[in-house]
Amino acid sequence: MVVVVVVAAAALRWYRNRHHFFDLKIYYAAVHWWAHGRPLYDFSVPDQVQGHLGFTYPPFAALAMFPMAWLTLFRTIVLMTVISLVALVLTTAWLLTPVAARHGWPRWFVVCLALPLVSVLEPVRETVSFGQINLILAALILADLLILVRRGSRFAGVAIGLAAAIKLTPAIFILYLLLSRRYRAAAVASGTAVAATLLAFAYRPGDSWLYWTKVLWESNRVGNVAFVPNQSLLGALSRLAHPHPANYPIWLALAAVTLVFGMWRATAAARAGDEVAGLTLTGLTGALVSPISWQHHLYWFIPALVVLVDVAASRQARRRWWYAAFAAVLWLTVTFSVIAWYDWGIVPASVMFQPGGQVIDDWHLLLMLATLVVLPGAHRKAAEPQPAPGPALDAAALMRSADSAGSSARS
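A brief report on the enclosed structure follows. (Residues numbered from 1 in each chain as written. Predicted model: local features only at pLDDT ≥ 70, side-chain atom pairs only at ≥ 80, totals over all residues. Heavy atoms only, no water.)

### A look at the overall build of the protein
A count of helical and extended segments in the protein gives 21 helices and two strands. For the protein, the residues scored as buried account for 49% of the 411 residues in total. In the protein, the proportion of contacts linking residues at least 24 apart, taken out of those at least 6 apart, comes to 72%. A total of about 20000 Å² of accessible surface is found on the protein, and carbon and sulfur atoms cover 69% of it. (Helix = DSSP H or I, 4+ residues; strand = E, 2+ residues; numbered from the N terminus. Buried < 20%, exposed > 50% of the residue type's maximum accessible area, 1.4 Å probe, protein only. Contact = heavy atoms within 4.5 Å. Areas by Shrake-Rupley, 256 points an atom, 1.4 Å probe, with all protein chains shown as cover.)

This is the structure we're talking about:
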């Protein structure tokens, strides 16, 4: 474990804070702008690459971030970084503790070994260095599904509802709850999201009206859809069509097929009692069908790795070595980010958007599609030891044995 920690620390030191909390600084400036009574969505900052960037989340997200208006930028950065790291520790422990118990591994050792391995994954390091909120949203979703829903809490769904009110993409987990017949939790999540949205509307009705009627539909507002870091289906189609716009009817058709297939697999996993596989498939489906899915949005590779390792560690699971190999490819190519090879000078930028570069351009997308198809949908059962085969006795045989014993006793 010491070697893993040292290597991960060296890798993070080499990578450094490349983005200098770029997104967090936008949130911070936008909240201060808003706190002075100015229209939230009029705020923008110039960017050399993408023109102008502004606040793109629903108004409730700004309301949740409002404490930033009372803090210095330095304290905001420290607070958000600490909260994100705590969220990473908690979600990793929630995912791995049952796996460790199932295989008889020391729980603390497994979690401590996994943390440096997941910390170097591109979605994690990009979330922290951009100052993004993805780890916090993931913690809300996993707290609901792995703790509150599992315990049958009356508050199950609240955290997912809050996540959906802060950022729209987590709303797919409300659909997941509904399809997997957790109707009460789905209703609570929906009610929470609506209540949070109405709270923001009551505070700033003008901003809320503008967001839901205009800003929400402006996909280019969050950046160039064709940029390689956008690993959604629309991003891939936009790169294929570059420099022309993507064919939106084709995207809608592909997104609909992906949504139906992904949610079918997620629902089947949930009904089989495999919540981790279900939430993983749901998260990946949401990332694929969303118009924008930057690399730091792809937290769902982490629970996917947990599922794959869980099955690969079981001697009873079929094709376990295949799952182990897929997990290794996933971890290696997401850690040594294939889509960042242009930035690192491994592949010349002239290959970008060209037929020979499409696999590099869309690598994370291809991984998500492959995971959507091959991820085991009931991995807990596959990982559990099966009883040794023995002679089967049916009810009729047991009755005949009892009758025989009774006859012997009477005679």
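### Examining the layout of surface pockets
Estimated volume of the second largest pocket: approximately 500 Å³. Taken together, 22 residues make up the lining of the second largest pocket; nearest its centre are Leu-96, Ala-114, Leu-117, Leu-305 and Val-309. The set of elements that each furnish at least two residues to the lining of the second largest pocket consists of helix H4 (73-103), helix H5 (107-119), helix H15 (301-312) and helix H16 (320-335). Here the residues of the lining of the second largest pocket sort into 21 nonpolar, one polar and no charged. (1 Å grid on protein atoms, 1.4 Å probe; cavity = no way out; pocket = protein on both sides within 12 Å on 5 of 7 lines; lining within 4 Å. Points joined across faces, edges and corners; volume = space filled by probe spheres on them. Nonpolar A, V, L, I, M, F, W, Y, C, P; charged D, E, K, R; others polar.)

### What about a nonpolar patch on the surface?
Among the surface-exposed residues, Phe-74, Val-78, Val-82, Val-86 and Leu-90 lie close enough to one another that they form a single nonpolar patch of about 450 Å² accessible area. Along the chain, the position of Leu-90 falls in helix H4. On the basis of relative accessibility, which here comes to 39%, the residue Leu-90 falls in the partly exposed class. (Patch = residues over 30% accessible without salt bridge, like charges linked within 9 Å, V, L, I, M, F, W, Y side chains within 5 Å. Salt bridge = Lys/Arg side-chain N within 4 Å of Asp/Glu carboxyl O.)

### Some points on the nonpolar core
Membership of the largest hydrophobic core comes to 107 residues, with the highest contact counts inside it found for Phe-55, Leu-145 and Phe-173. Ranked by the residues each element gives to this core, the list is headed by helix H7 (residues 134-151), at nine residues. For Phe-173, the residues in contact, after removing those within four places along its chain, are Ile-141, Leu-145, Ile-160, Leu-279, Thr-282, Gly-283 and Trp-300. (Core = buried A, V, L, I, M, F, W, Y, C linked by side-chain atoms within 4.5 Å.)

### Remarks on the pattern of salt bridges
Pairs can form between side chains of opposite charge once their charged atoms are near each other. All chains considered together, the criterion is met by four salt bridges. When the shortest N-O distance is used, the salt bridge between Asp-310 and Arg-102 registers 2.5 Å. Here Asp-310 is found in helix H15, whereas its partner Arg-102 is found in helix H4, with 208 residues between them in sequence. The class for Arg-102 is partly exposed, based on a relative accessible area of 22%. Residue Arg-182 pairs with Glu-275 through a salt bridge whose shortest N-O separation is 2.9 Å.

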